[in-house]
Amino acid sequence: MNNYKRITIFAGHYGSGKTNIAVNYALRLREETGEKVSLADLDIVNPYYRAKDSTDILAEKGIRLISSDFANSNVDLPALPGEAYSIIDDGDTFAVCDVGGDDRGAYALGRYREGILKEDYEMLLVINKYRPLTRNVSDLREIMAEIETAAGIPFTGIVNNSNLGLETTKEDVEASYEYAREAAEVTGLPIRFTTVWEKIYPEFKENTENLIPISLQERDFF
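Here goes a summary of the coordinates provided. From a predicted model like this one, the values you see are computed outputs, not experimental measurements.

### Side note on the side chain of N128
For step 1, the next point in the chain: Secondary-structure assignment places N128 in the loop between β5 (121-127) and α6 (137-151).
For step 2, the next point in the chain: A polar contact of 3.0 Å, which involves the side chain of N128, links it to the backbone nitrogen of Y130.

Put into structure tokens, the structure is as follows:
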């Protein structure tokens, strides 16, 4: 990965794996650039897996985590901390944003719309062929439109994160290529990269699909 944008946003449907990608991306960004990096958990919809679950590893690498005080508690309120505006205000810091699934989660992102659109940003649609609600491109296109409308921010690219969790094989990843290409054609968005579990990454001898190895931070799907 290179040509990092100052603000990178990951959004997609529930179970697409956007949170795990956001964490991995922030870690890679920090390692490759050596610059200051913040990870903003704007997911006010999903109480089960949040970027805050990775607090320790992020802190170890010097990455600032911005998240609701209610994350990982028995209270899940649609509230975001005021410091979330720093993703726009801190111009010398790279910001990575994890946005909640579907249009309800995207409304949270919409609060920062005006500032983000003035910035050097990338908003990436995370797709997973193997999730029930996005197995066909028509459904995916509908979800994409809902998120864009709610947030008021257009997507700029696609991340193919098709996987079956710990059961994912090389063949599963390769079988998703056509789905990703069809999604790119229908949405008009380029495929920025395809993720692959780092454990099976060595099985790929050619990087024809711009493969990026990632570690698992989540129990079932990454």
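### Observations concerning empty space enclosed by the protein
For step 1, the next point in the chain: Counted according to the given criterion, the structure contains one cavity of 30 Å³ or more.
For step 2, the next point in the chain: Here the largest cavity defines a volume of roughly 60 Å³.
For step 3, the next point in the chain: Considering the residues around the largest cavity, the lining is formed by 13 residues, among which H13, S16, V126, T134 and L140 are closest to the centre.
For step 4, the next point in the chain: The set of elements that each furnish at least two residues to the lining of the largest cavity consists of β5 and α6.

### Here we look at α6
For step 1, the next point in the chain: For α6, built from 15 residues, the straight-helix expectation of 21 Å at 1.5 Å per residue is met to within 8% by its first-to-last C-alpha distance of 21 Å.
For step 2, the next point in the chain: Among the residues of α6, the N-terminal cap falls to N136, whose side-chain oxygen and the backbone nitrogen of S138 are separated by 3.2 Å.
For step 3, the next point in the chain: Phi turns positive, to about 75 degrees, at G152, one or two residues after α6.

The rules behind each value
Residues numbered from 1 in each chain as written. Predicted model: local features only at pLDDT ≥ 70, side-chain atom pairs only at ≥ 80, totals over all residues. Heavy atoms only, no water. Helix = DSSP H or I, 4+ residues; strand = E, 2+ residues; numbered from the N terminus. Polar contact = N/O pair within 3.5 Å; in protein donor to acceptor, adjacent residues only side chain to side chain. 1 Å grid on protein atoms, 1.4 Å probe; cavity = no way out; pocket = protein on both sides within 12 Å on 5 of 7 lines; lining within 4 Å. Points joined across faces, edges and corners; volume = space filled by probe spheres on them. Expected span 1.5 Å × (residues − 1).

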